[in-house]
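As a plain string of letters, each chain reads:
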Amino acid sequence: MAAVSAKGSTPAVRFESVSRRFGALAAVDEVSFQVEDGEFFSMLGPSGSGKTTCLRLIAGFDQPTGGEVFVHGEPMAGVPPYERDVNTVFQDYALFPHMSVAENVGYGLIFRGVAKAERRKRAIAMLEMVKLADRADRRPSQLSGGQRQRVALARALINHPRVLLLDEPLGALDLKLREQMQVELKAIQRQVGITFVYVTHDQQKALTMSDRVAVFNDGRIEQIGSPIEIYERPATAFVAGFVGESNLLSGELARRVTGSVVAISIRPEKIKLLAAGTPVDADHGSVDGTVRVIVFLGAAIRHVVAIPGGEMTVIEQNRHADPATAWSRIGQPVRLAWLRHHAQPIGVGA
Amino acid sequence: MRSNQRSPLGLRLAVLGGLLFLHLPLALILLYAFTTEEKSYAFPPPGLTLHWFAVAWGRDDIWSAIGLSVRVAAISTLIALVLGTLAAMAVHRAKFFGREAISLMLILPIALPGIVTGISLRAALNFGDLPFSFWTIVIGHATFCVVVVYNNAIARLRRTSTSLVEASMDLGANGFATFRYVVLPSIATALLAGGMLSFALSFDEVIVTTFTAGQQTTLPIWMLTELVRPRQRPVTNVVAVFIVAVTFLPILGAYYLTRDTQDAAGAGK
C-alpha cells in the first residue's frame, strides 16, 4: 500500500518500521517514512535524535537491527555501500587528501571502468557545474571550506546517483557562505533532478530548502510535512519548540487563555501587541499582561510579557520611528491578541 | 612568547652535558677508527691513518656478516610491514572482545627485555625441534619489527578520518579497492617510517640474535666476538662507524617523514 506514492511512482527511499539499536539504546526506533522521487527531503533534529543514523542506514554504512530499508523499491538488507545507487556528501567532506581535486571528483568513475583520460574529462565537466574547473589540479587542502564542499558535491554527483545523501554539509561553513551555498545547492538539485536527503540540526536550512521535512527526536519522527505545515501546524510540543520559537501554553493556562483542553502553541510573531483595553475582534483570542523584558534583535524586537500564571513572548517587526522608544514599554500593561486559528492545538501525547 | 626567552644558564649547561654524555662515546669510536695504535685505546691516538678502512674492506668475514644482517633486516621488515599493517587495520577497524588485550600483546615484545624474548624463542624453537638458521633469526627479529610497524600504522590510522573509507565505499570501491586507493596512500609514509625504523632495529640487534642464531654471524654478533678476541681493534671501530651511519640515516629519514604529516599529506609538490 505504501510502496507506491501518491504520484504513482516508486518512492526513492522507504523505511518500514526500521530500528537501529546499540545495546539497550535505540538510536532509531521503529521509524517508517518515505521520500518521493526527485524530492528535497530534510531530516531535522537535535544531535542524537537518530537522523544521521537514518542517513547511514540509507548509505549502507550501518545496518538496521529491525525493519527494512528500500531504495527505489529494492530491499537493501545485505547490500554493501558500493553496490547502492546512492552517494553521500559527508559532514567533513571526506576528500582524499592525497589526490588532486579532479582525481577526487573522478574517483567514482574508476569502479565503472572509465579510462583515465575520460575520467578527467568528466571530472572537469562536473567541476564546471560547481564553478571550480580552474582548481582541478589543486589538492583539497589548498581549497577553502566552501570550495571543498562543492568538490564533495561534484564527487558525489559524478555517478548520477538516484539519491544524494547530505550529512550537514553546510555545518562547517560560516554564515555568509552557508546562505550562498544553500541557494546553490537548491539550484543544483533542480538542475540534476535527483532526490536529495538532507540531514541537519538547523531548522532554518530545513525550512528554506526542503520540499518536505521530517522532524526527529529521540530516535522517532515527531512530524513529517512541508515546511509550512511543520511551522504553522506543529503536531507536538517538541516540533513547536524545535522549529522556530513558540509560546507553549498547557493545562490550566491553556484553558484560561484560549479555552482549550489540550496544550496550545502560538508563534511569537503571530501575536499583536495592543494598548491595554483595546477591543479585539470575535475571531481573535487575547490576554492582558505587563511587558517585562525588551530584547533588540535588529529586524525585530522581542517582548517578554507577564500574564497571569505565566509569560508569553511577542516578536514585533522593527518599524518604530525610533527603536529606542520600545524600552518605554517596560512595565506597561498591554493586551496580546492573535487570530484564533493561529493558536495551534498540540497532540496530547507530546 | 616563552619560546623567545633565553633559557637559564644552568638548564643550557645541563642540556649540553646531556648531549655530550650521549654523543662523546660515538665521537671516540669515530676517532679510534683512524688510530695507528692497534692494541689499546691510548689518548690521544699516537697517529691517524686510513689503513684500517682498507683492512676492513678486505676482510671477507665482515662482508658476509654485513650481507647476512642486511638480508635479515630486509626480510624481517618485509614480514613486519605485512603483519603489522594487517594487525593495525584489524585493531583499528573492528571492535571485538579482547581488542585492547590484543593491542597490548602486540606491543609487548618491544616492552619485554630482549633477553626474555630471546630465551622464550630459543625454548620454543627447541621444543619444536627447529634447527637454528637464517629463518630463526628472521622470526626473532620480526617479533619486535612488527611492533614498530604496527605502532606507526595504527597511529596514522587513528588520525585518518574514518569517513575517507566510507566515502570510498560510497563511491563504488569495494574493500580491496578502498585499501589500494585510499588506506594505503594514507598510511604510506607511516609504513615507510616504520619500515625504516624496523630495519635499523633489526640491523643492530644483538640479544635476540644470540639466542636464535646458529652458526650465522650477523654484524653486531661479529662485533661482539671481535671485542672478546682483540685483533686489529680499530677495524671494529671502522665497522662501528659504518653501523652508526647505516642505522642513523633511516632513523633520520623516519623522523622527517613523520615529523609533520599534515604538511606531508597536503603539500604534494
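Quick look at the structure, then. (Residues numbered from 1 in each chain as written. Chains lettered and ligands numbered in written order. Predicted model: local features only at pLDDT ≥ 70, side-chain atom pairs only at ≥ 80, totals over all residues. Heavy atoms only, no water.)

Let us now look at the sheet that holds strand E3 (residues 40–44) of chain A. All names here are of chain A. Pairing in this open sheet of 6 strands is mixed, and the strands run E6-E7-E8-E3-E9-E10 from one edge to the other. Strand pairing shows two members of the sheet lacking a second neighbour, strand E6 (86–89) and strand E10 (220–225), which therefore form its edges. Sheet twist, expressed as the mean angle between neighbouring strand axes with direction ignored, is 20°. Here 5 bridges tie E3 to strand E8 (residues 195–200), and the two strands are oriented parallel to one another. By the bridge assignment for E8, Met43 is matched with Val199. (Pairing = 2+ DSSP bridges. Helix = DSSP H or I, 4+ residues; strand = E, 2+ residues; numbered from the N terminus. Axes fitted to C-alpha atoms, helices over the stretch in contact; angles between N-to-C directions.)

Here the focus is the sheet that holds strand E11 (residues 247–249) of chain A. The strands making up a sheet are joined through hydrogen bonds of the backbone, oriented either antiparallel or parallel. Residues and elements named next belong to chain A. The antiparallel open sheet is built from 3 strands, whose spatial order is E11-E12-E18. Two strands lie at the open edges of the sheet, namely E11 and strand E18 (344–345), each paired on one side alone. By the bridge criterion, 3 bridges tie E11 to strand E12 (residues 264–266) in an arrangement that is antiparallel. Within E12, the residue paired with Leu248 across the bridge is Ser265.

The next thing to look at is the layout of surface pockets. Residue and element names in this part refer to chain B. Its boundaries defined by the atoms lining it, the second largest pocket holds a volume of some 510 Å³. Lining of the second largest pocket is provided by 22 residues; of these, His92, Arg93, Thr162, Val165 and Glu166 occupy positions nearest its centre. Listing elements by their share of the lining of the second largest pocket, those giving two or more residues are helix H3 (60–93), helix H7 (162–170) and helix H8 (175–203). For the lining of the second largest pocket, the element with the most residues is H7, which contributes 5 residues. Of the residues that constitute the lining of the second largest pocket, the class distribution is 11 nonpolar, 6 polar and 5 charged. (1 Å grid on protein atoms, 1.4 Å probe; cavity = no way out; pocket = protein on both sides within 12 Å on 5 of 7 lines; lining within 4 Å. Points joined across faces, edges and corners; volume = space filled by probe spheres on them. Nonpolar A, V, L, I, M, F, W, Y, C, P; charged D, E, K, R; others polar.)

How two helices sit against one another is set out by the angle between their axes and by the gap between those axes. All names here are of chain B. At a minimum axis separation of 5 Å, H3 and helix H6 (residues 134–159) run at an interaxial angle of 40°. Put simply, H3 runs oblique to H6. Considering the relative orientation of H3 and H6, their crossing is right-handed. Among the residues making up the contact of H3 with H6, the classes are represented as 23 nonpolar, 5 polar and 2 charged. (Parallel < 35°, antiparallel > 145°, perpendicular 65-115°, else oblique. Left-handed = near helix turned anticlockwise from the far one by under 90°.)

Residue and element names in this part refer to chain B. Tallied over the full model, the rule gives 1 cavity of 30 Å³ or more. As a volume, the largest cavity reaches approximately 50 Å³. Around the largest cavity, the lining residues are Met89, Arg93, Val165, Met169, Gly175, Thr178, Phe179 and Val183. Secondary-structure elements contributing two or more residues to the lining of the largest cavity are H3, H7 and H8.

Attention shifts here to the nonpolar core. Residues and elements named next belong to chain A. In this structure, Phe15, Met43 and Val197 are the most contacted members of the largest nonpolar core, which totals 39 residues. Among residues more than four places away in sequence, those in contact with Met43 are Phe33, Lys51, Cys54, Leu55, Val197, Tyr198, Val199, Thr200, Ala214 and Phe216. One finds Ala102, Leu127, Ala152 and Leu164 within the second-largest nonpolar core, a separate group that totals 34 residues. (Core = buried A, V, L, I, M, F, W, Y, C linked by side-chain atoms within 4.5 Å. Buried < 20%, exposed > 50% of the residue type's maximum accessible area, 1.4 Å probe, protein only. Contact = heavy atoms within 4.5 Å.)

All names here are of chain B. Here H8 is 29 residues long, yet its end C-alpha atoms lie only 35 Å apart, well below the 42 Å a rise of 1.5 Å per residue gives. Of all bends in H8, the biggest is about 50°, found at Ala188. Regarding H8, its N-cap is Asn174, as a side-chain oxygen of that residue lies 3.3 Å from the backbone nitrogen of Phe176 further along. (Expected span 1.5 Å × (residues − 1). Bend = angle between axes of the 7 residues up to and from the residue. Polar contact = N/O pair within 3.5 Å; in protein donor to acceptor, adjacent residues only side chain to side chain.)

Another aspect to go through is the interface of chain B and chain A. Counting residues at the interface gives 24 residues for chain B, matched by 26 residues for chain A. When the area that chain B buries against chain A is broken down by residue, the three leading residues are Glu166(B), Asp170(B) and Leu171(B), summing to 35%. Run the count over chain B and chain A and you get 1 salt bridge. Across the salt bridge formed by Glu166(B) and Arg56(A), the nearest N and O atoms sit 2.6 Å from each other. (Buried area = accessible area lost by both parts, 1.4 Å probe. Salt bridge = Lys/Arg side-chain N within 4 Å of Asp/Glu carboxyl O.)

Let us look at a nonpolar patch on the surface. All names here are of chain B. On the surface, a cluster of nonpolar side chains totalling about 690 Å² of accessible area is made up of Leu26, Val244, Phe248, Leu249, Leu252, Tyr255 and Tyr256. Sorting elements by how many residues they give to the nonpolar patch places helix H11 (residues 233–259) first, with 6 residues. Tracing the backbone through its elements, the reader meets Phe248 in helix H11. (Patch = residues over 30% accessible without salt bridge, like charges linked within 9 Å, V, L, I, M, F, W, Y side chains within 5 Å. Areas by Shrake-Rupley, 256 points an atom, 1.4 Å probe, with all protein chains shown as cover.)

Coordinates in, geometry out; function isn't part of it.
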